[in-house]
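Fold and geometry: a report
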Amino acid sequence: MSAAALAGRPEVPADAGSLALARLLAGPSGIEDIARALGWSPARVKDGTAHLQQVTGARDRTELVADYAWAGHLTARHLGAHDLEAVHRLPADKRLLLRLSAGGGDDRTVGAEIGASAATVRQRRDVLLGALGVATVHQAVGLGCLAGVVRRADMPRRFGPAAAPVADHLRLPVALALRQLGSSGRALVMVPRREQSRLAAAAAARTGGLRRVLVLTEPGEYWQHDLEVLAAADRDTGQVLAVLGRAEAARLPLPPGVEAATNPSAVRAAAGTTLPAVLVTTPQGLPALTRLHREGRWPLLDLAVVFDAHLPGIGDPTARPEECPPADGVLRLTSAPRFTTADRTGRGGCRRAVTGALTAAVPLRRAAELELMRHYRLAATAIGRSAQHAAPAQLVADLVRAHGLRRILVHSGPRDARSLAVALARIGLDAEVLPARDRGPVLARFADDRAPRVLVTDRPLPPGLGADALVHTSTGAPTERTTAVVEAALTPARPGEGPLRLVSADRADENWAALAELTGALAALDPQLAKDLADARDRHAGHAGLELALPLPAGTAEQRARAVCAWADTTWDEEMKAAATRAPAAVRPRRDAVSPSGRPLSTFTLSRPAARTAALRHSTGGAA
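Reference entry: report on the structure contained in this document. (Residues numbered from 1 in each chain as written. Predicted model: local features only at pLDDT ≥ 70, side-chain atom pairs only at ≥ 80, totals over all residues. Heavy atoms only, no water.)

As a further point, take the overall build of the chain. From N to C terminus, the chain includes 28 helices and 15 strands. Considering only intrachain contacts with a sequence separation of at least 6, the fraction spanning at least 24 residues in the chain is 75%. Only carbon and sulfur atoms are counted for the fraction: they give 51% of the accessible area of the chain, which is about 27,100 Å². (Helix = DSSP H or I, 4+ residues; strand = E, 2+ residues; numbered from the N terminus. Contact = heavy atoms within 4.5 Å. Areas by Shrake-Rupley, 256 points an atom, 1.4 Å probe, with all protein chains shown as cover.)

Another point: the packing of helix α19 (residues 390-403) against helix α20 (residues 417-426). Interaxial distance between α19 and α20 falls to 9 Å at its minimum, and their mutual angle equals 55°. If you check the angle between α19 and α20, you find them oblique. Pair α19 / α20 crosses with right-handed handedness. Here α19 contributes Pro-392, Ala-393 and Val-396 to the contact with α20, which in turn contributes Leu-420, Ala-423 and Leu-424. When grouped by side-chain class, the residues that make up the contact of α19 with α20 number six nonpolar, no polar and no charged. (Axes fitted to C-alpha atoms, helices over the stretch in contact; angles between N-to-C directions. Parallel < 35°, antiparallel > 145°, perpendicular 65-115°, else oblique. Left-handed = near helix turned anticlockwise from the far one by under 90°. Nonpolar A, V, L, I, M, F, W, Y, C, P; charged D, E, K, R; others polar.)

Membership of the largest hydrophobic core comes to 71 residues, with the highest contact counts inside it found for Val-305, Leu-331, Leu-333, Leu-409, Leu-502 and Leu-522. Grouped together as the second largest cluster of nonpolar side chains are 45 residues, Ala-116, Cys-145, Ala-147 and Val-150 included. (Core = buried A, V, L, I, M, F, W, Y, C linked by side-chain atoms within 4.5 Å. Buried < 20%, exposed > 50% of the residue type's maximum accessible area, 1.4 Å probe, protein only.)

Glancing now at the pairing of strand β12 (residues 453-457). Of all five residues that make up β12, five are buried, and the element is covered over most of its length. Here β12 shows a buried face lined by Arg-453, Leu-455 and Thr-457 and a second buried face lined by Val-454 and Val-456. Of the pairings in the sheet, the one linking strand β10 (residues 407-411) to β12 comprises five bridges and is parallel in character. Across the sheet, residue Leu-409 finds its bridge partner in β12, namely Leu-455. (Pairing = 2+ DSSP bridges.)

Buried within α20 we find Ala-417, Leu-420, Ala-421, Ala-423 and Leu-424. Angular distribution of buried residues about the axis of α20 spans 160°; they occupy a single face of the element. Residues of α20 that are exposed and point more than 90 degrees away from the buried face comprise Arg-418 and Arg-426. The inward-facing, buried residues of α20 abut α19, β10, β11 (430-433) and β12. Phi turns positive, to about 95°, at Gly-428, one or two residues after α20. (Arc of directions from axis to C-beta.)

The seven strands lie next to each other as β11-β12-β10-β13-β14-β9-β15, forming an open sheet whose pairing is parallel. Looking at the sheet topology across the chains shown, the edges are occupied by β11 and β15 (546-548). The sheet shows a mean angle of 25° between the axes of neighbouring strands, direction not considered.

A word on the sheet that holds strand β6 (residues 303-306). Ordered by their spatial adjacency, eight strands build an open sheet running β4-β3-β5-β2-β6-β7-β1-β8, and the pairing between neighbours is parallel. The sheet is open, and its two borders are formed by β4 (259-261) and β8 (358-361), each paired with just one other strand. In this sheet, neighbouring strand axes are inclined to one another by 25° on average, regardless of whether the strands run parallel or antiparallel. Across five bridges, strand β3 (residues 239-243) lies against strand β5 (residues 277-281) in parallel orientation. Following the sheet pairing, Ala-242 is matched in β5 by Val-280.

This is the structure in structure tokens:
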């Protein structure tokens, strides 16, 4: 089978005679002029054109020109223009008119789409042709095909919905998600963050119908990657439009071929209501789409896809019709469906009442086997009571010497990052703080491993830095933020990278908060780790997967570290709430009832009114 057939495009005859005829048909010339140019009779030109249409499946001259443009046999000069600059300069409303003209609809049909009369459509089309410097619709459509504005999906009467190829590791999750969407209208899939855009593109291409797809995401570290993947998948099958808030539109980058819209009118002018489109929006851009729906100017979406569905404020709007346009199905994608002990806010994670049960998963260990993520080695350290930032800095220096590390990431709190970088520099390490903007030079220096380098950050990390180790100090941040940092560090820069050392840095006189935070974040990404930790707790034993990056103080310190690690696993809050309802049994703490933050069970239970009342009744013999 030919490359054209594999790409879903019709075959085009490419012999000398066919190419000569097709290139003349792409211009403004009529049959008589084409016959004279080729030295043929008009009847032969008509027969040759009919033969080309029969072979390609084109129904008219416009579709035939589009086929040869997509096949790469036409240039702008064949279509009567010098270049494609005029097409790239077209505003959104004229691009929409060009795409609708390619669909072959009459003036009344196009007018119903753009809210104009048939006479106004003819007038606007004349203006469009003048802007492009051509005389006919088929020339304009051909230029649009060359510029990537007109796609196969803009000719729905001729081309059916095309399905992009799916990577092997995503075939089963996509199939299970589509089946679940068909039966219940919602699905939840666990997949690494970098793979979420690929899974979304594959699922969207298989929804059928109009294929109007909404993608809701945060404008974070994966923004550019997501748009590039979605735009590449939809290069021939539909438009990708970024719907943003005004402030976001001024600062967020957009790949070639992706436009931005910041208000309902701009969205409708760019995407219309009948053409296939993937609308990538942020929480700030979502109100524009909701307003279109409320005003009755927006059809029902075929699919809504939510990236990072575990983040507060991302997964919830799709469950409330007043905040999000309705869709036939909602596909939620997450790398961490369940947060655990270290989550003090209780806001992160996927609520089963909203998302339903987990439909499919590509968990961390499976992703590591596929080289989509890196394996890890979890380690604990205890640092001394030196000056505030000198001790963590010395710890990093000891790690470099003990393990031969070259590139180390240090995740710290916002108040400590710069001071920690200064302390590292004082002991001879090349350390920098990751800035909020203009990161390129800093990341380029970090990638140079000719000497040990340390990158200190208090903010989200870009994925794929290729670090040897991530050192986590206690930040007090919500677990979903620590999880994002850990996942970015575990994302490989290239295939075949070795395991990443994940090291918690706690002070010997504290309650191992960094270990609890790091383990809780990692257990959200790796359900098997959560199970291993739960088993270790049930056996009243330490977690065997916890290494010691550096020797800990002798005696109870190591045992305490392992106990904290075993506790930082699954459902601390839920366990404590359940214990609070069991009256006098919870008054006296068990010996093993210590939370990751060091609080005994009784401290938690006695803070609740029901437990206090039960304790009082128990102490007074029931007279409370």
